[in-house]
Amino acid sequence: MALIFISLAAGILIGYFRPLSARGAKVTHTFTMLGLIILLASMGAQLGSNKKILGELGQIGVEAAVLAGCSVAGSVLLVYFARNYIYRDLEQKLSHWQGREDR
Amino acid sequence: MTFIVVGAILAGALFGYWILPAGMLGYLDQATSLALCIMLVGVGIDLGSQRQTWLRLRALGWKILLVPVLVAVGSLAGAVAGGTFLGMPFNESSAIGAGFGWYSLSGVLIAKIYSVETGALAFLTNVSRELLAFVLIPVLAAKFGNLVAVSPGGATTMDTTLPLIAKATDADTTVIAVVNGTILSSLVPFLVPVLIHL
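All residue numbers refer to positions counted from 1 along the written sequence of the respective chain. All chains are assigned letters beginning at A, and all ligands numbers beginning at 1, according to the order in which they are written. For this predicted model, a pLDDT threshold of at least 70 governs which residues receive local features, and a threshold of 80 or more governs which side-chain atom pairs are given and counted, while totals over whole chains, interfaces and linings are taken from all residues. Side-chain descriptors were evaluated using all non-hydrogen atoms of the structure, hydrogens and water having been removed beforehand.

Draft legend 1. Up close: the overall build of chain A. We count a stretch as a helix when DSSP gives it H or I for four or more residues in a row; a strand needs E for two or more, and each element gets its number in order from the N terminus. A count of helical and extended segments in chain A gives five helices and zero strands. The order of α-helices and β-strands along chain A, N terminus first, is α-α-α-α-α. Residue burial in chain A is summarised as follows: out of 103 residues, 36% are buried. Accessible surface is estimated by sampling points in the Shrake-Rupley manner with a 1.4 Å probe; for residues, cover comes only from the protein chains shown. Within the structure as shown, chain A displays about 6,100 Å² of accessible surface, and the carbon and sulfur contribution to it stands at 64%. We call a residue buried when its accessible area falls under 20% of the maximum for its residue type, exposed when it is over 50%, and partly exposed in between, using a 1.4 Å probe and counting protein chains only.

Rendered as structure tokens:
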């Protein structure tokens, strides 16, 4: 797990203190995508070679739908109950910010 | 992007099903560890360079942080409640909920550091969350107000669901959606590994 946080922290520090040029950002994006594709293909290979998981894909789909539905419901409910409190004083700041961005 | 993600998984699955001998899987470990590091440095660079968003956050005041905090807490609580109903352990359901819709990162992280089965579930759950968000955003904006429409998208409100939020709500809510998505995206690579190891 340490490797995960070290890699992330290194990236955040680079991104914050040495903002990349357009070309640099493109190269970084390519490497990020390459890493992601390798990891996704590896996850796919492990799934494909595991007959037990392949047999349970239908059940995994149902579990995914339940977890996604519950996550979304939790997020929506909490924001719904707090919306008036969050909006108080915020509209003035937002219109001020929009005005600055428009200039 | 969606085609690349689905294509990579399908290509890997076909390779694993027909070609790859079971004993060879162990050799993938070093290659995937390197790929994970490269990907996370790239994700970090992207997060670190979001200066404009952090400036917006400062200008709008810290109260705006309540939106991503409530989305995160609601998402985790909902996933744990759903996981309990399904008989899942707390660490798995909470880590899956902490994907906040970022299906590619949460799926591969959990598959790599915990188990490929839970990784696949995290992937499918967070794909479903994004699909649900696409359906719910216009409905929630019309029935319950603009701010509530930001909540189902989770981390995706800074990219994939942002155009829909912009269309269904207003410019002010779009600014909040960018801040919300950026903060939740920043939390995913930290929360998922911590929660899965609880």
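Draft legend 2. The interface of chain A and chain B, seen in detail. Residue contacts are defined here by distance: any two heavy atoms, one from each residue, within 4.5 Å place the two residues in contact. With 68 residues of chain A in contact, the opposing surface of chain B contributes 88 residues. Put simply, buried area is the surface a 1.4 Å probe can reach on two separate parts but cannot reach once they are joined, added for both. Both faces considered, chain A and chain B share a buried interface measuring about 6,900 Å² in area, 81% of it formed by carbon and sulfur atoms. We define a salt bridge as a contact between a side-chain nitrogen of Lys or Arg and a carboxyl oxygen of Asp or Glu at a distance within 4 Å. For the pair chain A and chain B, the number of links is zero salt bridges. Pairing of N or O atoms within 3.5 Å defines a polar contact, subject to two protein rules: one partner must be a possible hydrogen donor and the other a possible acceptor, and residues neighboring in sequence count only if both atoms are side-chain atoms. Linking chain A with chain B are nine residue pairs in polar contact (both at pLDDT 80 or more), by the criterion used here. Every element with two or more residues in the side of chain A that touches chain B is listed here: α1 (2-17), α2 (22-48), α3 (51-55), α4 (57-87) and α5 (90-102) of chain A. We call Asp, Glu, Lys and Arg charged. Ala, Val, Leu, Ile, Met, Phe, Trp, Tyr, Cys and Pro are nonpolar, and the rest, Gly among them, are polar. Across the side of chain A that touches chain B, the residue classes break down as 41 nonpolar, 17 polar and ten charged.

Draft legend 3. Quick look at the packing of aromatic side chains. In summary, the pairing rule links any two rings of Phe, Tyr or Trp, Trp by its six-membered ring, whose centres are within 6.5 Å, and it sorts them by plane angle into stacked for under 30 degrees, edge-to-face for over 60 and tilted for everything else. For the coordinates displayed, the defined rule picks out five aromatic pairs over all chains. Between F5 of chain A and F190 of chain B, the ring centres sit 5.5 Å apart and the planes meet at 5 degrees, which makes this aromatic pair stacked. One end of the pair, F5 of chain A, is in helix α1; the other, F190 of chain B, is in helix α10 (residues 171-196), on a second chain. With relative accessibility at 23%, the residue F5 of chain A sits in the partly exposed group. When the ring of Y80 of chain A is compared with that of F144 of chain B, the centres are 5.4 Å apart and the planes differ by 80 degrees; the resulting orientation is edge-to-face. Of this pair, Y80 of chain A sits in helix α4 while F144 of chain B is found in helix α7 (residues 116-144), placing the two residues in two different chains. Accessibility expressed as a relative area gives 38% for F144 of chain B, which makes it partly exposed. Stacked on the ring of Y85 of chain A, the Lys or Arg K63 of chain B has its end atom at 4.4 Å from the ring centre. Only when the NZ atom of a Lys or the CZ atom of an Arg is both within 6 Å of the ring centre and within 35 degrees of the ring normal do we say a charge sits over the ring.

Draft legend 4. Spotlight on unusual backbone geometry. Residue and element names in this part refer to chain B. For F100, which is not glycine, the phi dihedral falls at a positive 50 degrees. Mapped onto the fold, F100 is located in the loop between α5 (90-97) and α6 (103-113). Residue F100 is classed as buried on the basis of its relative accessible area, which comes to 0%.

Draft legend 5. Structural detail: the packing of α2 of chain A against α7 of chain B. Interhelical geometry of α2 of chain A versus α7 of chain B gives an angle of 120 degrees and a closest axis separation of 10 Å. Taken together, the axes of α2 of chain A and α7 of chain B lie oblique to each other. When you trace α2 of chain A past α7 of chain B, the crossing you get is left-handed. Counting all contacts with α2 of chain A, which are made through L40, M43, Q46 and L47 of chain A, the residues of α7 of chain B involved are V116, G119, A120 and F123 of chain B. Residues belonging to the contact of α2 of chain A with α7 of chain B are distributed by class as follows: six nonpolar, two polar and no charged. Here an axis means a line fitted to C-alpha atoms, over the contact stretch when the element is a helix, while the angle between two N-to-C directions is reported on a 0 to 180 degree scale. Roughly parallel means an angle under 35 degrees; roughly antiparallel, over 145; roughly perpendicular, 65 to 115; everything else is oblique. A crossing counts as left-handed when the near helix is turned anticlockwise from the far one by less than a right angle, and as right-handed when that turn is clockwise.

Draft legend 6. Molecular detail of helix α2 (residues 28-48) of chain B. Each helix should span, by expectation, one fewer than its residue count multiplied by 1.5 Å. Counted at 1.5 Å a residue, the expected span for α2 of chain B with its 21 residues is 30 Å, and the 30 Å between its end C-alpha atoms agrees. Looking at α2 of chain B, one finds that the buried residues are T32, A35, L36, C37, M39, L40, G42, V43, G44, I45, L47 and G48 of chain B. Of the surrounding secondary structure, the elements contacted by the buried residues of α2 of chain B are α1 and α2 of chain A together with α3 (51-60), α6 and α10 of chain B.

Draft legend 7. Representation of the nonpolar core. With 71 residues, the main nonpolar core has L40 of chain A together with M39 of chain B as its most contacted residues. With eleven residues, α10 of chain B is the single largest residue contributor to this core. In this structure, M39 of chain B is in contact with T32, G35, L36 and L39 of chain A together with L105 and V108 of chain B, ignoring residues within four places of it in sequence. Among buried residues, the Ala, Val, Leu, Ile, Met, Phe, Trp, Tyr and Cys ones that are joined through side-chain atoms within 4.5 Å form a nonpolar core.

Draft legend 8. Molecular detail of the confidence of the model for chain A. Looking at chain A, pLDDT values average 83 and 84% of them are 70 or higher. Each residue carries a pLDDT score, the predictor's own confidence in it, on a scale running from 0 to 100. Mean pLDDT values for the elements of chain A range from 61 in α5 of chain A up to 92 in α4 of chain A.

Draft legend 9. How the structure looks around a nonpolar patch on the surface. A residue counts toward a patch only above 30% relative accessible area and without a salt bridge, and it is joined to like-charged neighbours within 9 Å or, for Val, Leu, Ile, Met, Phe, Trp and Tyr, to nonpolar neighbours within 5 Å. On the surface, L54 and L57 of chain A together with L14, F15, Y17, W18 and I19 of chain B cluster together into a nonpolar patch covering about 740 Å² of accessible area. Of the residues forming the nonpolar patch, the biggest block, five residues, is contributed by helix α1 (residues 2-19) of chain B.

Draft legend 10. The environment of F190 of chain B, seen in detail. With relative accessibility at 32%, the residue F190 of chain B sits in the partly exposed group. When residues no more than four places from it in sequence are discounted, the contact partners of F190 of chain B are F5, L8 and I12 of chain A.

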